[in-house]
Amino acid sequence: MCGIVGFTGNKQAADVLLDGLSKLEYRGYDSAGMAVLDENGTTSVVKAAGKLDHLKQKTDNGRLLPGTCGIGHTRWATHGAPNEKNAHPHLSGALDDDPSEYRASDVIGVHNGIIENQEELREKLLRHGYQFYSDTDTEVAIKLVDYYLKKYRIGPIDAINRMMVRVRGSYALALMFREHPGEIYAARKDSPMIIGISEGESYLASDVPAILQYTRNVYYIENYQAARILPGKVQFFDLNGDEISLEQVTITWDAKAAEKGGWEHFMMKEIHEQPQALRDTLHHYLMDGQLDFSQAGLTDEILQGADSVCIAACGSAWHVGMTAQYVIEDLAQVPVRVELASEFRYRKLLLSPKTLVVVISQSGETADSLEALRIAKERGLKTLSVVNVQGSSIAREADHVLYTLAGPEIAVATTKAFSAQLMVMYALAVQMAYVRGRIDREQYEGYMKELSAIPDKVASCLETKAHIQRIAARFSGARDAFFIGRGSDYAISLEGSLKLKEISYVHSEAYAAGELKHGTISLVEEKTLIIGLLTQRNVMNKTLSNMAECKARGAFLLGITQGENSEAQSQTDDLISLPVSDEHFSGLLSVIPLQLLGYYSSVSRGLDVDKPRNLAKSVTVE
Ligand code: AGP
């Protein structure tokens, strides 16, 4: 998703913008640009297709853009090709080779989101004499602000408010106005944006890492709010143009946590942070050996009162839901359905009024998950979110939020946040089972002992690195891979498959082991890689039989199991044996070798592990 950075204060803006944009590279992008507005109202705008280095080269590391007020952007293309013309910032005036034209622009802006009615607005503006140089919806929004500014002879905030009333879609907008040097204006609907303040300086960004080294004092601008940002001061306005006040929040993240810290890739660093992330997350909810979610307002009465659970999420977060479903149903004996958030938002959902809707999201900004949450709330359903980024939209809008304490996760491929989410869901399952009388005190304490032992067992799983690296190297040329399992092993195989394909670009599929023979096994041929998850003892032999069917067709069988497993040892070509845990919670262990397999496969192919092509860390558009 696009990255936005803004600064106004007593530093060279370009330095802050380039630094902030580099901290947002993990969000995924294909072009970049920035604009600086000097005290005379002169605007310098530079854009570049490709990586941020191209922009740094074009601006001599920002030295060609003097000034103390500016905005910058990394673009993940939604409308229009990823080229320089479509890169942000966009202008109300024309864009041609003559830099002086920039000075003719009264409004300059950057945007994250999608303007859904941009076509009709483009037509309207064309009728009023505007000309467009790009294919982007952002240029339409910027020119619309300019149109209102001039038609009604109003100020920036009123023009922005008129724009917000007229456009449909999502936006985090940062704007500068030629007649207001030193000031930045912002407007938000659905796309994330924070505003930071320090002594005599003000910052604006899409996400915390961009400004964390400058300030921890931030404001989360809400939907349909606008802001006027001055050096060291910010004013907020509602849609009527009335000034409002927002609560200032202090970010508790450790700035170092958002750095690579000597690791080659953020992903490997974050894989290794999992034991600590799991300890921090579990202990956050443990009081004298007893789980306590009351800090989130999630009382035992709520957990007793729900007659069903509906989990809505995307991607790996959905895999967390798929895994947790088995454990909640088995322990708490509560029916659970797991929905892809992008489906949830358009289905005619027949949910009981006593359904507890759980939205799981690392970023807390995923558009589909946020909309699913809003639909659940509109239906009057109790909502709980499991989120990693503090203060994010999903965290703030859910009735209750259980934070994961994984710290900032920079790699696009999630690992420690996935595991921390799964730990929260396991704990929720145990607590639901206990408060509903499905398990007694002794069983409760047994499960809590098991969960508390998981972090150290995860640390042991990391010792399979060398083994996994050899397997990845052996299959670096693989075209297909299949991850199979039954029960919660099937759910974890979904995550293993995504980890492999999203960063190594190897096509892979996860399949319920018993389903292969109903068609997909026709794809299995000599040397096809089959990864079988074998941690659920009651169905393990069935999965081994399905693996044998693949071996009979030339496949290579890799097994992932727990403890001593002579059947698996004799029936697979290679076997990863993990520490033994309660089978309900084995997903936290079996996912580790699968994360490592994805990582080493990507490295063996010389790919950009942390920033895979076409992907973004947080998908804040539909
Ligand atoms: C996981 O490795 C992917 N990066 C992606 O599937 C991600 O899990 C999904 O986009 C959901 O993101 P969220 O947890 O921030 O909502």
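Scroll up for the structure.
All of these numbers come straight from a predicted model, not from anything done at the bench. (Residues numbered from 1 in each chain as written. Predicted model: local features only at pLDDT ≥ 70, side-chain atom pairs only at ≥ 80, totals over all residues. Heavy atoms only, no water.)

So, on to the sheet that holds strand 23 (residues 480-485). The 5 strands are arranged 24-23-25-26-27 in an open sheet whose pairing can be described as parallel. One side of each edge strand has no neighbouring strand; the edge strands of this open sheet are strand 24 (507-512) and strand 27 (574-578). Within the sheet, the average angular offset between the axes of one strand and its neighbour, ignoring direction, is 15°. As paired elements, strand 23 and strand 24 share 6 bridges and run parallel to each other. Its bridge partner lying in strand 24, F483 is registered against A510. On the sheet, helix 16 (residues 465-474) packs against strand 26 (556-562) and strand 27 and is oriented at approximately 150° with respect to strand 27. (Pairing = 2+ DSSP bridges. Helix = DSSP H or I, 4+ residues; strand = E, 2+ residues; numbered from the N terminus. Axes fitted to C-alpha atoms, helices over the stretch in contact; angles between N-to-C directions. Contact = heavy atoms within 4.5 Å.)

On the surface, V165, Y224 and L239 cluster together into a nonpolar patch covering about 260 Å² of accessible area. By secondary structure assignment, the location of L239 is in the loop between strand 13 (233-237) and strand 14 (243-244). (Patch = residues over 30% accessible without salt bridge, like charges linked within 9 Å, V, L, I, M, F, W, Y side chains within 5 Å. Areas by Shrake-Rupley, 256 points an atom, 1.4 Å probe, with all protein chains shown as cover. Salt bridge = Lys/Arg side-chain N within 4 Å of Asp/Glu carboxyl O.)

In spatial order, the strands read 5-6-7-8-12-13-14; together these 7 strands make up an open sheet with antiparallel pairing. Two strands lie at the open edges of the sheet, namely strand 5 (90-91) and strand 14, each paired on one side alone. Pairing of strand 12 (residues 225-230) with strand 13 involves 5 bridges; the strand directions are antiparallel. Paired with I229 across the bridge in strand 13 is V234. In this fold helix 6 (residues 156-166) packs onto strand 7 (169-177), strand 8 (184-189), strand 12 and strand 13, with an angle of close to 150° to the strand it touches most, strand 12.

Scanning all chains against the criterion turns up 12 aromatic pairs. On the basis of an interplanar angle of 85° and a centroid distance of 5.2 Å, the ring pair of F177 and Y185 is categorised as edge-to-face. When its relative accessible area of 1% is taken as the criterion, F177 is described as buried. In this structure, R162 packs its charged tip against the face of Y152, placed 3.7 Å from the ring centre. Seen from the ring of Y505, R613 lies directly overhead, with NZ or CZ sitting 3.8 Å from the centre. (Phe/Tyr/Trp six-rings, centres within 6.5 Å; stacked < 30°, edge-to-face > 60°. Buried < 20%, exposed > 50% of the residue type's maximum accessible area, 1.4 Å probe, protein only. Lys NZ or Arg CZ within 6 Å of the ring centre and 35° of its normal.)

Right, let's get into the site of the ligand. Within the structure, the ligand sits among 14 residues, and S361, Q362, S363, T366 and E502 are positioned closest to it. Residue S361 places a side-chain N or O atom 2.7 Å away from an oxygen atom belonging to the ligand. Within the backbone of Q362, a nitrogen or oxygen atom sits 2.7 Å from an oxygen atom of the ligand. Protein contacts shield 91% of the accessible area of the ligand, which totals 410 Å² for the unbound molecule. Mapped onto the shell around the ligand, the elements with two or more residues apiece are helix 10 (315-332) and helix 17 (488-504). (Near = heavy atom within 4 Å. Polar contact = N/O pair within 3.5 Å; in protein donor to acceptor, adjacent residues only side chain to side chain.)

Moving on: helix 14 (residues 416-435). Between its first and last C-alpha, helix 14 extends 28 Å over 20 residues, near the 28 Å set by a 1.5 Å rise per residue. Burial within helix 14 is extensive, with 19 of its 20 residues counted as buried. Immediately beyond the C-terminal end of helix 14, within one or two residues, lies G437, with a positive phi of roughly 70°. (Expected span 1.5 Å × (residues − 1).)

What follows covers the pairing of strand 10 (residues 201-205). Within strand 10, 5 of the 5 residues are buried, which leaves it mostly tucked inside the rest of the structure. A two-sided burial pattern is seen for strand 10, the buried positions comprising E201, Y203 and A205 on one face and S202 and L204 on the other. Judged from the 4 bridges that link them, strand 1 (residues 3-8) and strand 10 form a sheet pairing that is antiparallel. Looking across to strand 10, one finds that G6 is bridged to L204. Sheet analysis places strand 9 (residues 194-198) next to strand 10, joined by 5 bridges and oriented antiparallel. Paired with S198 across the two strands is E201, which belongs to strand 10. The hairpin turn running from strand 9 into strand 10, its antiparallel successor, is 2 residues long, and G200 in that turn takes a positive phi close to 70°.

Going through the model one piece at a time under the given rule, you end up with 31 salt bridges. Among the salt bridges present, the one from R188 reaches E365, with a minimum N-O distance of 3.9 Å. Separated by 177 residues along the polypeptide, R188 in strand 8 and E365 in the loop between strand 20 (355-361) and helix 12 (367-378) bring together distant segments of the chain. Note on accessibility: R188 and E365 belong to one class, buried. Two residues, K611 and D608, come together in a salt bridge whose shortest N-O distance is 4.0 Å.

This next bit is on the nonpolar core. If you look at soluble globular proteins, the nonpolar side chains tend to sit buried side by side. In terms of nonpolar packing, the biggest core is built from 95 residues, with M425 and I531 touching the most fellow members. Top element by residues in this core is helix 14. It accounts for 13 residues. Counting residues in hydrophobic clusters, the runner-up holds 31 residues, among them F7, V46, L52 and I211. (Core = buried A, V, L, I, M, F, W, Y, C linked by side-chain atoms within 4.5 Å.)

Further remarks concern the environment of R122. Relative to the helices and strands, R122 resides in helix 4 (residues 118-127). R122 sits in the buried class, given a relative accessible area of 12%. Along the backbone, R122 and H283 are 161 residues apart, and their C-alpha atoms lie at a distance of 53 Å. Apart from residues no more than four positions distant in its own chain, R122 is found in contact with F132, S134, D135, T136 and V140. Reaching out from R122, the side chain makes a polar contact with the backbone oxygen of S134 at a distance of 3.4 Å. Separated by 3.1 Å, the side chain of R122 and the backbone oxygen of T136 make a polar contact.

In short, geometric facts, not functional conclusions.
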